[in-house]
Amino acid sequence: MHISGVQSVLPDHRYTQAEITEAFSRLTDCDEDLLRRFHTATGVEGRNLALPLADYAKLDSFERANDMYLEVALELAEQALRGALRKAGIRPEKVDHLLFCSTTGVATPSLDARLAQRVGLRPDVKRVPVFGLGCAAGASGLSRLHDYLRGWPDHVAVLVCVELCSLTIQRDDTSIANLVASGLFGDGAAAVVATGRGEGPEVVATRSRLYPGTEHLMGWEVGQHGFRIVLDPDLTGFVEQALGGDIKTFLADYGLTPDQVATWICHPGGPKVIEKIAETLGLPQKALEVTWRSLREHGNLSSVSVLHVLQETRGRPGAPAVLLALGPGFSAELLLLHW
């Protein structure tokens, strides 16, 4: 599989972290000084949000929040897909397969059905909407495109991820997990165009890893309130304990060690997670520079983030690269690329 075009898109409403902290403190009963400490610890300096800050006070129900998700997500997804197709030099009617991932809103018919018609995909395009993979969906989606194109190398496959994390705001939740999440997650969309035979970085191999008994580490509690964040403090320790070994094993199966990987495309899950990945693999500070910059400038965009990092990465020609993301399950998605 060759990655022929990548396009990420962010909403127009841009705010500094300080502005978001102040606005969120007004919406909740949380102490602003406490909130500021949590928000500062995320390392995020600014984020793009689905709505103007003043409009979040109107999201007084899951129904209202989800209605806004449907409207904004479709617009961003369309921009991302059109941009990726333009970069790849491929017309919409040439697309054979559409994989759509999102975990911050729900719709039936799924948004990919509406997206396909707005962009001009063929009526016989194969659609696969995926919900629940969270932050891992960008990497997992690329892996599933790779699987599809191994069977249909003459086809064109596209991945679209869209996440509007800010619309899941829980105004009555003062848990540490929600306070951290309110300062960490941002909004955006991204699309990837992939071909079996073409130009661009080539996906050489993929690996998925599901860790049994760890579903408590990350996810949603879904109820009348909508989506309430689950973010266990043990997550960072588990990354240190398990992930490093799995990455090294994956690379060893292809005759590589971490120091032989020229480029790392890592999902910006948060400062502690990024630090643990670098420490466990013995990576130099500059190895995750693009990941750190993405976190600092845009926050964690869930499934979109690793695709945004991919777009901003310039790999070394002829050298191996690794793309990785973590998500609910708890799970990891690994891809070996050749630039």
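Residues numbered from 1 in each chain as written. Predicted model: local features only at pLDDT ≥ 70, side-chain atom pairs only at ≥ 80, totals over all residues. Heavy atoms only, no water.

Points about the overall build of the protein chain
No. 1: Within the protein chain, the secondary structure is distributed over 10 helices and 13 strands.
No. 2: Relative to its length of 339 residues, the protein chain is compact, with a C-alpha radius of gyration of 19 Å against a globular reference of 20 Å.
No. 3: Counting all 339 residues of the protein chain, 59% fall into the buried class.
No. 4: Entry remark: accessible area of the protein chain is about 14300 Å², with carbon and sulfur atoms responsible for 50%.
No. 5: Averaging the coordinates of the 32 positive side-chain charges in the protein chain and doing the same for the 41 negative ones gives two points 6 Å apart. (Helix = DSSP H or I, 4+ residues; strand = E, 2+ residues; numbered from the N terminus. Rg over C-alpha atoms; globule rule 2.2 N^0.38 Å. Buried < 20%, exposed > 50% of the residue type's maximum accessible area, 1.4 Å probe, protein only. Areas by Shrake-Rupley, 256 points an atom, 1.4 Å probe, with all protein chains shown as cover. Lys, Arg positive; Asp, Glu negative; His and termini not counted. Charge placed at Lys NZ, Arg CZ, Asp CG, Glu CD.)

Overview of the pattern of salt bridges
If the charged atoms of two oppositely charged side chains come close together, the side chains can form a pair.
No. 1: Summed over the entire model, instances satisfying the criterion amount to 17 salt bridges.
No. 2: A salt bridge links Arg26 to Glu22, with the shortest nitrogen-to-oxygen separation between them at 3.4 Å. Residue Arg26 and its partner Glu22 are located together in helix H1 (residues 17-27), separated by 4 residues, close to a single helical turn.
No. 3: Among the residues examined, Arg26 registers a relative accessible area of 60% and is labelled exposed.
No. 4: Owing to a relative accessible area of 40%, Glu22 belongs among the partly exposed residues under this scheme.
No. 5: As a salt-bridge pair, Arg144 and Asp147 come within 2.8 Å of each other at their nearest N and O atoms. Taken together, the residues span about one helical turn, with Arg144 and Asp147 both in helix H5 (residues 137-151) at a distance of 3 residues.
No. 6: Look at Arg144 and you get partly exposed, because its relative accessible area is 32%. (Salt bridge = Lys/Arg side-chain N within 4 Å of Asp/Glu carboxyl O.)

A few points about the UniProt feature "domain: Chalcone/stilbene synthase C-terminal" (unreviewed entry) in the protein chain
No. 1: The sites that carry the UniProt feature "domain: Chalcone/stilbene synthase C-terminal" (unreviewed entry) are, in the present numbering, residues 204-338.
No. 2: Note that residues 204-338 is 35% helix and 29% strand, and that its end C-alpha atoms are spaced 7 Å apart. (UniProt positions renumbered as here; feature names shortened; annotations may be inferred.)

Section: the packing of aromatic side chains
No. 1: Taken as a whole and assessed by the stated rule, the structure comprises 2 aromatic pairs.
No. 2: For the ring pair Phe250 and Tyr254, a centre distance of 5.8 Å and an interplane angle of 75° mean the geometry is edge-to-face.
No. 3: The class of Phe250 is buried, set by a relative accessible area of 1%.
No. 4: Judged by relative accessible area, Tyr254 falls into the partly exposed class, the value being 40%.
No. 5: One residue, Lys126, lies across the ring of Trp152, its end atom 5.7 Å from the ring centre. (Phe/Tyr/Trp six-rings, centres within 6.5 Å; stacked < 30°, edge-to-face > 60°. Lys NZ or Arg CZ within 6 Å of the ring centre and 35° of its normal.)

Focus: the packing of helix H9 (residues 289-298) against helix H10 (residues 305-312)
No. 1: Where H9 contacts H10, the two axes come as close as 10 Å, and the packing angle between them is 120°. By the criterion of interaxial angle, the relationship of H9 to H10 is oblique. Both H9 and H10 take part in a crossing whose hand is right-handed. Of the residues in H10, those touching H9 at Val290, Thr291, Arg293, Ser294 and His298 are His308, Val309 and Glu312.
No. 2: Its residues assigned to classes, the contact of H9 with H10 comprises 2 nonpolar, 4 polar and 2 charged. (Axes fitted to C-alpha atoms, helices over the stretch in contact; angles between N-to-C directions. Parallel < 35°, antiparallel > 145°, perpendicular 65-115°, else oblique. Left-handed = near helix turned anticlockwise from the far one by under 90°. Contact = heavy atoms within 4.5 Å. Nonpolar A, V, L, I, M, F, W, Y, C, P; charged D, E, K, R; others polar.)

Things to note about unusual backbone geometry
No. 1: Residue Thr108 is joined to Pro109 through a cis peptide bond whose omega torsion reads 5°.
No. 2: Structurally, Pro109 can be placed in the loop between strand E4 (97-101) and helix H4 (111-119).
No. 3: The omega angle of the peptide bond from Gly329 to Phe330 is -15°, so this bond is cis rather than trans.
No. 4: Mapped onto the elements of the fold, Phe330 is located in the loop between strand E12 (320-327) and strand E13 (331-338).
No. 5: Positive phi, normally seen in glycine, also occurs at Ser302, with a value near 55°.
No. 6: Of note, Ser302 is situated in the loop between H9 and H10.
No. 7: Taking the relative accessible area as the measure of exposure, Ser302 reaches 6% and is therefore buried.

Some details on the pairing of E12
No. 1: A large share of E12 lies buried, amounting to 8 of its 8 residues.
No. 2: Of the two faces of E12, the one carrying Pro320, Val322, Leu324 and Leu326 and the one carrying Ala321, Leu323, Ala325 and Gly327 are both buried.
No. 3: With 4 bridges connecting them, strand E11 (residues 263-266) and E12 associate as parallel partners. Looking at E12, one finds that Thr263 is bridged to Ala321.
No. 4: Judged from the 8 bridges that link them, E12 and E13 form a sheet pairing that is antiparallel. Of the residues in E13, the one forming a bridge with Gly327 is Ser331.
No. 5: Where E12 folds back onto E13 in an antiparallel hairpin, the turn is made up of 3 residues, including Gly329, whose phi is positive at roughly 145°. (Pairing = 2+ DSSP bridges.)

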